[in-house]
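Structural overview
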Amino acid sequence: MVVTISHQAYWELWDENADNISKFDPNDDLDIIYKYPQQLGQGYSRIIRLRQGIELNIGNYHNFDGIILLHHEREHPLEYNFQLCGSYTAPFSSINTKEYGLCGSGIAPQEYCQSSPGHQIQINVHMEPEVFRSFIGDKSGDLPTELQHLIAAENRIYYQNSGKITPQMQACLQQILQCPYYGITKRMYLEARVLDLMALLVEQEIEARKGKNSTHSLKSDDLERLHHAREILLQNLDNPPSLVNLSRQVGLNECTLKRGFRLAFGTTAFHYLHHYRLEKARQLLQTGDMNVVEVARIVGFASRSYFASAFRKKFGVNPKEYLTIRKNSR
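In short, a report on the structure. Positions within a chain are numbered from 1, following the residues in the order the chain's sequence is written. Note on the predicted model: pLDDT of at least 70 is required for a residue's local features to be given, and 80 or more for side-chain atom pairs to be given and counted; whole-chain, interface and lining totals, by contrast, use all residues. As a rule here, side-chain values cover all heavy atoms of the structure and leave hydrogens and water aside.

**A closer look at the sheet that holds strand 14 (residues 118–127)**
Strand pairs in the sheet, formed through backbone hydrogen bonds, run parallel or antiparallel to each other. One requirement defines pairing of two strands: DSSP has to find at least two bridges between them. Runs of H or I in DSSP of at least four residues are treated as helices and runs of E of at least two as strands, each being numbered from the N terminus. Read across the sheet, eight strands follow the order 2-3-4-5-14-8-11-15 without closing on themselves; strand pairing throughout is antiparallel. Strand pairing shows two members of the sheet lacking a second neighbour, strand 2 (21–23) and strand 15 (160–164), which therefore form its edges. Taking each pair of neighbouring strands and ignoring which way they run, the sheet shows an average axis angle of 15°. Two residues qualify as a contact provided that any one of their heavy atoms is within 4.5 Å of a heavy atom in the partner residue. Axis geometry follows a simple rule: fit a line to the C-alpha atoms, using only the stretch in contact for helices, then measure angles between N-to-C directions, giving values from 0 to 180 degrees. Contacts from helix 2 (residues 129–136) reach strand 4 (41–51), strand 5 (54–63), strand 8 (78–85) and strand 14 within the one sheet, and its direction differs from that of strand 14 by about 70°. Packing against the sheet, helix 4 (residues 183–209) makes contact with strand 3 (31–35), strand 4, strand 5, strand 8, strand 11 (99–103), strand 14 and strand 15, and its axis sits at approximately 90° to strand 4.

Here it is, written out as structure tokens:
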């Protein structure tokens, strides 16, 4: 069985009973334990605000069933998540046990995320862009070229990447879980570990941007399969397969598909499909043969309002206005 719930309703379940909230550390009002909603499972989520703009979340809980969270479009901070047990999937990404997910700041589109039933252990860090700039940026706050993709320009969709948890990352994660301190010492210790993890992720991003992981590292057979994966996505705009199903169809494991798609096409499968849909929509509107609702449906947008918002962000005008302009120019 799978439970489908909106993001807002999900967090209302966490907050509805004040008795489910307690302090983990008696000497720290910013280190809070939230009991997992009994309607969904059992366990807890520990949220620690280390400083303004940095939040550490340690989740250890058991889902009775799979859970699909429906997210609306929203602003997204820089985030890195480490899956120590269990898994979760989104339309074009999946994070399994001993894998991490990295998201830059920017606009997160309307999407869903599905958590598997059973035991889940996650360590998650949220960091505001200004804090990240304070560590990585120069005197003016500008980021190195290799890291600018982590902080999206205004109204741009956020960057996503994933990979295997390295031994160095695993060591930091165990130190977080086994932190022996309380009070001020605890906060300093945990923040140091959070920054260690950020440094390890940043190093991997820099190496990838410098070309150490180029398409030359892909086998010719894998590259052919990646092009086949792209064709499948573009041929199924209105109902694209999940990343799991796509990897099965082309005969690649998920890790190779995710990494290879970024190396071969410069972006994730989700971002590639999203921007292709919008470009296809622009071309269809340009002909003037279909209305906005028909175009949105053909390119795979179930929500007309979300389609209009995404189109406006990419082209600077909403689809109805674009259609009118093209008709009047004939």
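**Comments concerning empty space enclosed by the protein**
Here the term cavity refers to a set of points on a 1 Å grid, laid over the protein atoms alone, in which a 1.4 Å probe fits but cannot get out; the term pocket refers to an open set having protein on both sides within 12 Å along at least five of seven lines, with lining residues being those that place an atom within 4 Å of a point. Grid points are joined across faces, edges and corners, and a volume is the space filled by probe spheres set on the points. Under the counting rule described, the total for this entry stands at two cavities of 30 Å³ or more. There is about 50 Å³ of room inside the largest cavity. Broken down by secondary-structure element, the contributors of at least two residues to the lining of the largest cavity are strand 8 and helix 4. The greatest single-element share of the lining of the largest cavity, amounting to four residues, is contributed by helix 4. When the residues that make up the lining of the largest cavity are grouped by side-chain class, the tally is eight nonpolar, no polar and one charged. Classes in brief: Ala, Val, Leu, Ile, Met, Phe, Trp, Tyr, Cys and Pro nonpolar; Asp, Glu, Lys and Arg charged; the others, Gly included, polar.

**Quick notes on the nonpolar core**
Generally speaking, soluble globular proteins have nonpolar side chains that are buried together. Nonpolar core, defined: a set of buried Ala, Val, Leu, Ile, Met, Phe, Trp, Tyr and Cys residues in which side-chain atoms within 4.5 Å join the residues together. Residue burial is assigned from relative accessible area. The probe radius is 1.4 Å, only protein chains are included, and a residue is buried under 20% of its type maximum, exposed over 50%, and partly exposed in between. Leu 56, Tyr 80, Phe 82, Met 127, Phe 132, Leu 190 and Leu 197 are the most contacted members of the largest nonpolar core, which has 36 residues in total. Considering every element that reaches this core, the biggest residue donor is helix 4, with eight residues. The residues contacting Tyr 80, other than those within four sequence positions of it, are Gly 101, Leu 102, Ile 123, Asn 124, Val 125, Met 127, Val 194, Leu 197, Met 198 and Leu 201. Counting residues in hydrophobic clusters, the runner-up holds 17 residues, among them Ala 281, Leu 285, Phe 307 and Phe 311.

**Side note on the side chain of Ser 115**
By the element assignment, Ser 115 lies in strand 13 (residues 111–115). Here Ser 115 is in contact with Asn 63, Gly 66, Ile 67, Ser 87, Tyr 88 and Gln 120, once residues within four sequence places are set aside.

**Considerations on the layout of surface pockets**
Looking at the largest pocket, its volume works out to about 1100 Å³. As for the largest pocket, its lining consists of 47 residues, of which His 71, Glu 79, Tyr 88, Cys 113 and Asn 124 are closest to the centre. Residue contributions to the lining of the largest pocket peak at six residues, all from strand 5. Across the lining of the largest pocket, the residue classes break down as 22 nonpolar, 18 polar and seven charged.

**A few points about the packing of aromatic side chains**
Ring pairs are drawn from Phe, Tyr and Trp, using the six-membered ring of Trp, whenever the two centres fall within 6.5 Å, and their geometry is named by plane angle: stacked under 30 degrees, edge-to-face over 60, tilted for the rest. All told, the structure shown has 17 aromatic pairs when counted by the stated rule. Centre to centre, the rings of Tyr 36 and Tyr 61 are 4.4 Å apart; their planes meet at 10°, and the pair counts as stacked. Note that Tyr 36 is positioned in the loop between strand 3 and strand 4 and Tyr 61 in strand 5, a separation of 25 residues in sequence. Note on accessibility: Tyr 36 and Tyr 61 belong to one class, buried. Either the NZ atom of lysine or the CZ atom of arginine qualifies as a charge over a ring when it sits within 6 Å of the ring centre and within 35 degrees of the ring normal. Geometry around Tyr 189 places Arg 193 over its ring, the cationic atom sitting 4.8 Å from the centre. When the ring centre of Phe 301 is taken as reference, the NZ or CZ atom of Arg 277 above it lies at 5.8 Å.

**Let's talk about the pattern of salt bridges**
Two side chains carrying opposite charge are able to pair once their charged atoms lie near each other. A pair is scored as a salt bridge if a Lys or Arg side-chain nitrogen falls within 4 Å of a carboxyl oxygen belonging to Asp or Glu. Taken as a whole and assessed by the stated rule, the structure comprises 13 salt bridges. Its salt-bridge partner being Asp 28, residue Arg 187 comes within 2.8 Å of it at the nearest N-O pair. Of the two residues, Arg 187 sits in helix 4 while Asp 28 sits in the loop between strand 2 and strand 3, which places them 159 residues apart along the sequence. The exposure classification of Arg 187 matches that of Asp 28, with both residues buried. The shortest N-O distance in the salt bridge between Glu 73 and Lys 313 comes to 2.0 Å.

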